[in-house]
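The residues making up each chain are set out below.
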Amino acid sequence: MNTHHGGALAAYASQPESSRGRRHPEPTSPGRNEFQRDRDRIVHSTAFRRLVYKTQVFLNHEGDLFRTRMTHSLEVAQIARSIARPLGLHEDLVEAIALAHDVGHTPFGHAGQDALNDCLHRIQPGREGFEHNFQSLRVIDLLEARYPQFDGLNLTFEAREGVLKHCSQANARRLEAVDPGGVGHRFLTRTQPSLEAQLCNLADEIAYNAHDIDDGVRSGLLSIEQLQAAGVFDRHRIESLRDHPTLPGRRLLFESIRRMLSAQIHDVIDSTRRLLADHAPQSADQARGLPPLVSFSPGMAAGSAELKLFLSRHLYRHPQVQGTTDRAREVVRGLFERYFEEPESLPESATSRAPDPQAPVRQRAREVADYIAGMTDRFALREHERLTGQRLFD
Ligand code: MG
């Protein structure tokens, strides 16, 4: 059995020594395994730093204590690592995937993504739109420009596979055409990614359900009373109150969330252990050919789905959040139209990126989308104000 700093690695874990490698071969690094190197490259990337100023649910300027994409990514990494270790999965790979999973997010969260998607579809109906997972892959494969020998971060196959959580069939076919058997392949054969990738996907869900309750209450848009309708959370609130009858509001909230997180983490560990024992995969590749193995128990899966629905109804579709979302869409749409019609309106810092007017429409639209997707919330707002004179947010 192989070991790494976190503990014993299981046979079904991804092993850096048997990685499918990087797109551009590189010599190994003394003292660091290949997945550590991936993680380090992500931490030093520009796209990762930008996550500090990108919206999770609440816009960055709405308050200093709300989650941003950066703190969300750190929480996903924490949750994923605490599950990876007892299961014998590779913690460095898990950390790399978790830290990189959202680097393709546009400013203003899902509102920005929807707006860019509409813009691309309007210009080229039926052609590729905008998907944030696909964009995360573009960032790490292509858009980060910091190494002399290659574009992107040249991460291992395993890290890239984990970042591309979802992918449309059209984009999977595009990837497969240039890189047969690569990270697009599993969407065509409908097989699973590595167990580390499966874990990060679930850790993402655990993280946002928990922190959106916290941010929702902090913003005043959700109340603890309302949360009594959210079963999984309420069970832990009742238990917390039973153990600490005089606990004041904020602390009761934190304690309930803490207990809920802990219950979900232990549930994933237990349920995944059972599935691993049933299917007994002997390698990472064998695990890819099995049904998803990193999962909640059926009861917890239902509870988590219920929580997601609760948050969607009461927080994400709250009129106040919706109002911000509508204006955010307008900002992104406005920027896209302007840059696309008049490339000379791009800021000076981006003139090297001004699309070649002779390039095909599809390529020009994609370049503008890449540029906007990389923006932080406040840069996008500043640009929108510079170009339109309108101030949509105070
Ligand atoms: Mg996420």
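Rules and cut-offs
Residues numbered from 1 in each chain as written. Predicted model: local features only at pLDDT ≥ 70, side-chain atom pairs only at ≥ 80, totals over all residues. Heavy atoms only, no water. 1 Å grid on protein atoms, 1.4 Å probe; cavity = no way out; pocket = protein on both sides within 12 Å on 5 of 7 lines; lining within 4 Å. Points joined across faces, edges and corners; volume = space filled by probe spheres on them. Helix = DSSP H or I, 4+ residues; strand = E, 2+ residues; numbered from the N terminus. Nonpolar A, V, L, I, M, F, W, Y, C, P; charged D, E, K, R; others polar. Donors = N, O, S within 2.8 Å, 3.2 Å for Na, K, Ca; no water. Buried < 20%, exposed > 50% of the residue type's maximum accessible area, 1.4 Å probe, protein only. Phe/Tyr/Trp six-rings, centres within 6.5 Å; stacked < 30°, edge-to-face > 60°. Lys NZ or Arg CZ within 6 Å of the ring centre and 35° of its normal. Contact = heavy atoms within 4.5 Å. Axes fitted to C-alpha atoms, helices over the stretch in contact; angles between N-to-C directions. Parallel < 35°, antiparallel > 145°, perpendicular 65-115°, else oblique. Left-handed = near helix turned anticlockwise from the far one by under 90°. Core = buried A, V, L, I, M, F, W, Y, C linked by side-chain atoms within 4.5 Å. Polar contact = N/O pair within 3.5 Å; in protein donor to acceptor, adjacent residues only side chain to side chain.

(A) Seen up close, the layout of surface pockets. In this structure, the largest pocket occupies an estimated 1,100 Å³ of space. If you go around the largest pocket, you meet 50 residues; those closest to its centre are Arg-69, His-105, His-110, His-132 and Tyr-208. The set of elements that each furnish at least two residues to the lining of the largest pocket consists of helix 3 (69-87), helix 5 (109-123), helix 6 (132-143), helix 7 (157-163), helix 10 (195-219), helix 14 (298-316) and helix 15 (319-341). With nine residues, helix 10 is the single largest residue contributor to the lining of the largest pocket. Residues of the lining of the largest pocket, tallied by class, amount to 17 nonpolar, 20 polar and 13 charged.

(B) Region of the structure containing the coordination of the magnesium ion. Bound to the magnesium ion on the protein side are His-72 (NE2), His-101 (NE2), Asp-102 (OD) and Asp-204 (OD), at distances that span 2.2 to 2.6 Å. Each donor residue of the magnesium ion belongs to the same chain, and together they define the spacing H-x28-H-D-x101-D. Highlighted residues: His-72 in helix 3 and His-101 in the loop between helix 4 (91-100) and helix 5, separated in sequence by 29 residues. Exposure remark for His-72: the relative accessible area of 1% places this residue in the buried category.

(C) Structural detail: the packing of aromatic side chains. The full count for this structure, using the stated rule, is three aromatic pairs. The interplanar angle of 10 degrees and the centroid separation of 5.8 Å between the aromatic rings of Phe-336 and Phe-340 together place this pair among those described as stacked. Of this pair, Phe-336 and Phe-340 both sit in helix 15, separated by four residues, roughly a single helical turn. What makes Phe-336 buried here is its relative accessible area of 2%. Between the NZ or CZ atom of Arg-41 and the centre of the ring of Tyr-147, over which it lies, the distance is 5.2 Å. When the ring centre of Tyr-53 is taken as origin, the NZ or CZ atom of Arg-378, which lies over that ring, is 4.1 Å away.

(D) Structural context of the environment of Phe-310. Within the secondary structure layout, Phe-310 lies in helix 14. The exposure class assigned to Phe-310 is buried, which follows from its relative accessible area of 6%. Residues Phe-310 and Arg-23, 287 residues apart in the sequence, show an inter-C-alpha distance of 42 Å. If sequence neighbours within four positions are ignored, Phe-310 has contacts with Leu-222, Gln-226, Leu-227, Ala-229, Ala-230 and Leu-315.

(E) Highlighting the environment of Leu-93. With respect to the secondary-structure elements, Leu-93 resides in helix 4. Taking the C-alpha atoms as reference points, Leu-93 and Gln-15, 78 residues apart in sequence, are found 9.1 Å from one another. Those residues within four positions of Leu-93 in sequence are excluded, and the remaining contacts are Ser-14, Phe-35, Glu-158, Ala-159 and Glu-196.

(F) Highlighting the packing of helix 5 against helix 15. Between helix 5 and helix 15, the least distance of the axes is 8 Å, while the angle of their chain directions is 40 degrees. In this view, helix 5 runs oblique relative to helix 15, as classed from their interaxial angle. Here helix 5 runs over helix 15; the crossing is right-handed. Of the residues in helix 15, those touching helix 5 at Ala-111, Gly-112, Asp-114, Ala-115, Leu-116, Cys-119, Leu-120, Arg-122 and Ile-123 are Thr-325, Ala-328, Arg-329, Val-332, Arg-333, Phe-336, Glu-337 and Phe-340. Taken together, the residues of the contact of helix 5 with helix 15 sort by class into 10 nonpolar, two polar and five charged.

(G) Region of interest: the nonpolar core. In terms of nonpolar packing, the biggest core is built from 79 residues, with Ile-83, Ile-213 and Phe-233 touching the most fellow members. If one sorts the elements of this core by residue count, helix 10 sits on top with 11 residues. Those residues in contact with Ile-83 that sit more than four places away from it in its chain are Leu-199, Ile-206, Ile-265, Val-268 and Ile-269.

(H) Molecular detail of the side chain of Glu-205. Tracing the sequence through the fold places Glu-205 in helix 10. Residue class for Glu-205 comes out buried when judged on its relative accessible area of 16%. Leaving out residues up to four positions away in the same chain, Glu-205 has contacts with Phe-296, Ser-304 and Lys-308.

(I) Main features of empty space enclosed by the protein. Per the stated rule, a full pass over the model turns up two cavities of 30 Å³ or more. Here the largest cavity defines a volume of roughly 70 Å³. Lining the largest cavity, in full, are Leu-120, Ile-123, Gln-124, Arg-127, Glu-128, Arg-362, Ala-365 and Arg-366. Put simply, the parts of the chain that give the lining of the largest cavity at least two residues each are helix 5 and helix 16 (361-373). In terms of residue count, the dominant contributor to the lining of the largest cavity is helix 16 (three residues).

(J) Focus on the side chain of His-105. Looking at the element boundaries, His-105 is found in the loop between helix 4 and helix 5. On the accessibility criterion, His-105 (1% relative accessible area) is buried. At 3.4 Å, the side chain of His-105 and the side chain of Arg-69 are in polar contact. Apart from residues lying up to four places away in sequence, His-105 is in contact with Lys-54, Arg-69, His-110, Gln-113, His-132 and Ala-373.

Function cannot be read off these values alone, since they describe shape.
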